[in-house]
Structures are given as structure tokens and as C-alpha cells.
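Structural features, examined
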Amino acid sequence: MYNSKIVGLGYYVPDNVVTNDDLSEMMDTNDAWIQERTGIKERRWVEDKTGDTTSTMGVKAAEIAIERAGIDKNDIDFIVFATLSPDYYFPGPGVAVQKALGIKTVGALDIRNQCSGFVYGISIADQYIKTGMYKNVLVIGSEVHSRGLDKTTRGRGVSVIFGDGAGAAVLSREEDPTKGILSTHLHSEGEHAEELSLIAPGMGKRWVSDILRDNDPDDVSYMPHMNGQFVFKNAVVRFSEVIMEGLMKNNLQVSDIDMLIPHQANLRISQFIQNKFKLNDDQVFNNIQSYGNTTAASIPIALTEAWEQNKIKEGDLVVLAAFGSGFTWGSVVIKW
Ligand code: UT7
């Protein structure tokens, strides 16, 4: 058995900055409400003229991660792509990455898992590397939320939170069992699937022919729905549990954490966790203020920024933790 190690990180966000004041021109909201409830000051939303999509942004993040990994793109053995906002209903964006990078016929796996998508993706990559099946795995989290949000007052409880962007990591084989990914922990609770969901265009309830015929502008099933307070309450409990699970599995204490990268769901959730675990500001990284909640992209973007800012050093104990729609949640414990 081998360990896996993150050897390259990259991210890409669209240039287009959308401030809270910009949103208040689209809907009944305001900067004070958004900052107080979420910590978000601005986010990036794609523009048609740039051609940015979930897959193209994922490719840009991946190219940076591969270059930093110091490997040739042809050394990538497998691609894992996490998103809830794919370019196409099918096929998923994994194959678009394979094509864009010009990597021959390596496997490309598309996963969902929403806000936990990157953590699930890391866990998948880690298992393949552990067993020796693959040596280098590319994991991408990327989202274009902005094209699917209800930007009227009706959708303000959701639309002010989400941003677009992509992050990527290259995981490679690590021979030293004390280094790299020490453990991953995945959970779900499907009982609450509808509490944070986008029901259409699934095939579960309606015929596409009926949808096209009805063409109903009031059909909110095409818009994301979130029971915000319920999700918030579950998030703080599950974040705490899954961080502790990861630490206990490795006989570590909260005080051993050098850097916690929480999924950027809401600054108040991150602060709750920080206070609960009595972590100082240097031990928790947040960038939701600048990017909003980018779902599967939030952890790789934050991890990359933390690394670029020299906030993660060799030998550090780094913990990734996520919670979101499904509900799904998980953590990754890393000896950097
Ligand atoms: O990433 C996946 C996981 N997601 C999360 O973890 C998100 C968890 N939930 C949250 O972050 C918070 O619940 C929200 C930020 C979504 C909402 O904050 P809240 O403090 O729970 O507000 P609320 O939904 O209870 O709404 C409070 C009030 C309501 O008005 P009334 O009924 O009190 O008159 C809303 O209509 O705020 C109103 N409101 C807004 N006002 C201005 C809701 N959205 C907005 C808005 N601007 N954008």
C-alpha cells in the first residue's frame, strides 16, 4: 500500500467581479444583510464573452496544478471531476478535460456530491493511488452557478451566496506512509436530500415533453432551493463531527491542526467551527469574502490560495472539511 500526496494545486476564477451592491440592483437585497449573514463581499460570475464554462475553468485550474506538480500531462493516469453544474446534462465534464488537455484515453470519472464533491474526489483519488492502480490522479472541482440562479427577489436567499470558479489538485504516489493523505472520511444522509436541491431537469417526476409544452416561467424547480436555517444547523454539527473523526482516526488533537480549510459555505459557519475548536486566525483559511460559495470548487480554490500565501508548509497538518447538499459531508487529514 502507498500513500497519496497533493503535489500540485491551481485555481481559476472569472474576471467578472459582482459586488453586493451589484446584486441590490437586481433584487431586494443589500450589502449589510449579505455581509452580516454570510461574510460575502463579492463573487465572480462568468460572462458569455469569455467562453468560461465549468469544464473550461476546470481545465485552466488543472493546467496550473499539473505545471506545479512538475509532471507531464501525459503522466496523468485518471481524472476525477466534481461539479453540480456540468456544461451538458451528459456526458460529464471529465471527458472535456481529457480532450482539452490532449491526454490520450485515460479514464475520466464525473462525480456529484455538491459541496463535498472535492473531498469525495480526493478520497477516490487516494484509494486508487493507495492500491497502486494509478500513480498520478487529477482531481477538479468547478462550478458555474450564475447561469442557474434566480436573480430576482424570489431567489435572493440562495442567489446572493453562490459564485463561479474552479480548483484542481494533482495527487501522486507517496512512498513514505507518514506523509500525504493520512485518511478520508465520507458521510451522507439522504433523508434531507430536498433541503438543498435543484429538482429539475431530473427525470424523477416530469416528462421533458410536458416541460417543453408548459414552458412555465413560474416553475421554480429549475432554480436551486435551500432551507437555509436547517442546512446551517446541520452544517455546524456535521463539520465538527467529521473533523473530530479525522483527528481521532490519526490519534491527533485539535491543537495539532496547522491549517483547517473548511468548505466556504458561510463565514459564520467557519467562525462557529473556529470558536468551538478554539483555533486562532492562522489555523483557519477563509476566502468566501471574495468568491462566495463555489461549492465543489471552494476547497481547492481556498487550499491553493492558502498554499500560495505560504500558509501551508511541509510537515503541516492540514484538514479539509465539507458539508452540503445530499446531505453529504466529509473530511481529509493531510500531513503536508
Ligand atoms: O454550501 C452548502 C451548504 N450551505 C450552507 O451551509 C448554507 C447554510 N445557511 C445559511 O448560510 C443561511 O441560512 C443563509 C445565509 C442562507 C440565510 O441566512 P439566515 O440568517 O438563515 O436568514 P433567513 O433565511 O432566516 O432569512 C432572514 C430574513 C428573512 O426575512 P423575514 O422573514 O425575517 O422578514 C428573509 O426573507 O432575511 C430575508 N432574506 C434576505 N434579505 C435581504 C433572505 N435572503 C435575503 C437577502 N437579502 N439576500
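Quantities reported herein were computed from a predicted structural model and do not represent experimental measurements.

What counts as what
- Residues numbered from 1 in each chain as written.
- Predicted model: local features only at pLDDT ≥ 70, side-chain atom pairs only at ≥ 80, totals over all residues.
- Heavy atoms only, no water.
- Near = heavy atom within 4 Å.
- Polar contact = N/O pair within 3.5 Å; in protein donor to acceptor, adjacent residues only side chain to side chain.
- Areas by Shrake-Rupley, 256 points an atom, 1.4 Å probe, with all protein chains shown as cover.
- Helix = DSSP H or I, 4+ residues; strand = E, 2+ residues; numbered from the N terminus.
- Nonpolar A, V, L, I, M, F, W, Y, C, P; charged D, E, K, R; others polar.
- Contact = heavy atoms within 4.5 Å.
- Buried < 20%, exposed > 50% of the residue type's maximum accessible area, 1.4 Å probe, protein only.
- Pairing = 2+ DSSP bridges.
- Axes fitted to C-alpha atoms, helices over the stretch in contact; angles between N-to-C directions.

Let us look at the site of the ligand. Lining the immediate surroundings of the ligand are 24 residues, of which Thr29, Arg37, Gln229, Asn266 and Asn293 lie closest. Contact distances for the ligand include 2.6 Å between a nitrogen atom and a side-chain N or O atom of Thr29. When the ligand sits alone it has 950 Å² of accessible area, and the protein chains cover 73% of it. No other element matches helix 8 (residues 228-249), which puts 4 residues into the shell around the ligand. A class-by-class count of the residues in the shell around the ligand yields 11 nonpolar, 9 polar and 4 charged.

Moving on: the environment of Ala306. The residue Ala306 is located in helix 11 (residues 298-308) in this model. Measuring from C-alpha to C-alpha, the distance between Ala306 and Ile261 comes to 8.6 Å, with 45 residues separating the pair along the chain. Excluding residues within four positions of it along the chain, Ala306 makes contact with Ile261, Phe285, Lys311 and Ile312.

Looking now at unusual backbone geometry. Phe90 connects to Pro91 through a cis peptide bond whose omega is -5°. One can find Pro91 in the loop between strand 4 (78-82) and helix 4 (93-101). Its identity is not glycine, yet Asn113 carries a phi of approximately 65°, on the positive side. Inspection of the secondary structure assignment puts Asn113 in the loop between strand 5 (107-111) and helix 5 (117-130). The phi dihedral of Lys278 falls on the positive side, at around 55°, and the residue is not glycine. Looking at the secondary structure, you find Lys278 in the loop between helix 9 (267-276) and helix 10 (288-291). Take Lys278: its relative accessible area is 72%, and that puts it in the exposed class.

Summarising burial for helix 11: 9 of the 11 residues are buried, a large majority. If you check which residues of helix 11 are buried, you get Ser298, Ile299, Pro300, Ile301, Ala302, Leu303, Thr304, Glu305 and Ala306.

Taken together, 4 strands build an open sheet; the order of strands is 8-13-12-11 and the sheet is mixed. Here the strands that pair on one side only, and so sit at the sheet edges, are strand 8 (180-188) and strand 11 (259-262). The sheet shows a mean angle of 10° between the axes of neighbouring strands, direction not considered. Sheet topology note: the strand 12 (residues 317-324)/strand 13 (residues 328-335) ladder contains 8 bridges and is antiparallel. Residue pairing in the sheet places Leu320 in a bridge with Val332 of strand 13.

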